[in-house]
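Chains, contacts and geometry: an overview
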Amino acid sequence: MLTPKFDQLVKQLQILPSVGQKSAQRMALSLLTKKREQGVILAHALQVAMSEIKECQTCHSFSDDDICPICSDTRRNDEQLCVVESAADVMAIEQSGAYRGRYFVLGGHLSPLDGINAEDLHIDELITRLKNTAISELILATGATVEGQTTAFFISDIARTHVQKITRLAQGIPMGGELEYVDSLTLHQALQNRAFI
Ligand SMILES: [Zn+2]
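These lines cover the structure that appears in this document, whether it is placed above or below. Fair warning: this is a prediction, and the values are worked out from it, not measured in the lab.

If you trace the 4 strands from one edge of the open sheet to the other, you get E4-E3-E5-E6, paired in parallel fashion. Of all the strands in the sheet, the pair left with one neighbour each is strand E4 (101-105) and strand E6 (165-168). Within this sheet the neighbouring strands show an average axis-to-axis angle of 25 degrees, counted without direction. Two elements, strand E3 (residues 77-84) and strand E5 (residues 137-140), share 4 bridges in a ladder whose sense is parallel. Counted as the bridge partner of Leu 81 is Leu 138 from E5. Packing against the sheet, helix H6 (residues 123-132) makes contact with E3, E4 and E5, and its axis sits at approximately 150 degrees to E4.

Structure follows, in structure tokens:
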């Protein structure tokens, strides 16, 4: 223990993912010794983010306003809708630069064993959106996990009456992956989803 206020700072830093006591202490010491001004700016940014960032009313990703920048961008393709589990997935796909359509964030995946059912996700809102908007392709980009697959199947079942083309992200060999180290389920899917070159 250095001082009670120092300890309090270290304790609060540890709420961040992958930050244990040692890292939290290093962060606190760095802020106090070299970065006091930036520390105050950081505290302000945290305050603003926590009180002002909300959920986009259209896609349920994060937004400063009622509608997020992606939903209000008129240059994006209205006819493609990509369904993801979380705002982190939106960020990942945006960073890939490979997609210019719209998004819809479910807020998780179906997991009956953990008590997460359809009514706990934004599935009703998704169906309403499909009914009210002309969408030519629904891309189900939920995780490549059992729960992610289950969620994709569940949605494709109810979405089928509203959208003709429903696709799923291809699954297979990661970039730089050697075949001999890829598990057989992934290899199986890679063979099924093979594409022309
Ligand atoms: Zn949005």
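Ranked by size, the top nonpolar core spans 17 residues in total, and within it Val 83, Leu 126, Leu 130, Leu 138 and Ile 155 carry the most contacts. Mapped onto this core, the elements with two or more residues apiece are E3, H6, E5 and helix H7 (146-159). With 4 residues, H6 is the single largest residue contributor to this core. Not counting residues within four places of it along the chain, the set of residues in contact with Val 83 comprises Phe 104, Leu 106, Leu 126, Leu 138, Ile 139, Leu 140, Ala 141, Thr 142 and Ile 155. Judged by nonpolar contacts, the second largest core, of 14 residues, contains Ile 70, Val 84, Ile 139 and Ala 141.

By the element assignment, Ser 156 lies in helix H7. At a separation of 3.0 Å, a polar atom in the side chain of Ser 156 contacts the main-chain carbonyl oxygen of Phe 153. Setting aside residues up to four positions removed in sequence, Ser 156 forms contacts with Leu 140 and Ile 166.

Turning our attention to the environment of Leu 121. Considering the arrangement of structural elements, one finds Leu 121 in the loop between E4 and H6. Overall, Leu 121 belongs to the buried group, its relative accessible area being 5%. C-alpha of Leu 121 to C-alpha of Val 105: the two residues are 16 residues apart in sequence and 9.0 Å apart in space. Filtering out sequence-adjacent residues up to four positions away, Leu 121 remains in contact with Leu 106, Gly 107, Gly 108, His 109, Leu 110, Ile 116 and Thr 151.

Reading the values: the criteria
- Residues numbered from 1 in each chain as written.
- Predicted model: local features only at pLDDT ≥ 70, side-chain atom pairs only at ≥ 80, totals over all residues.
- Heavy atoms only, no water.
- Pairing = 2+ DSSP bridges.
- Helix = DSSP H or I, 4+ residues; strand = E, 2+ residues; numbered from the N terminus.
- Axes fitted to C-alpha atoms, helices over the stretch in contact; angles between N-to-C directions.
- Contact = heavy atoms within 4.5 Å.
- Core = buried A, V, L, I, M, F, W, Y, C linked by side-chain atoms within 4.5 Å.
- Buried < 20%, exposed > 50% of the residue type's maximum accessible area, 1.4 Å probe, protein only.
- Polar contact = N/O pair within 3.5 Å; in protein donor to acceptor, adjacent residues only side chain to side chain.

None of this, on its own, says anything about what the molecule does.
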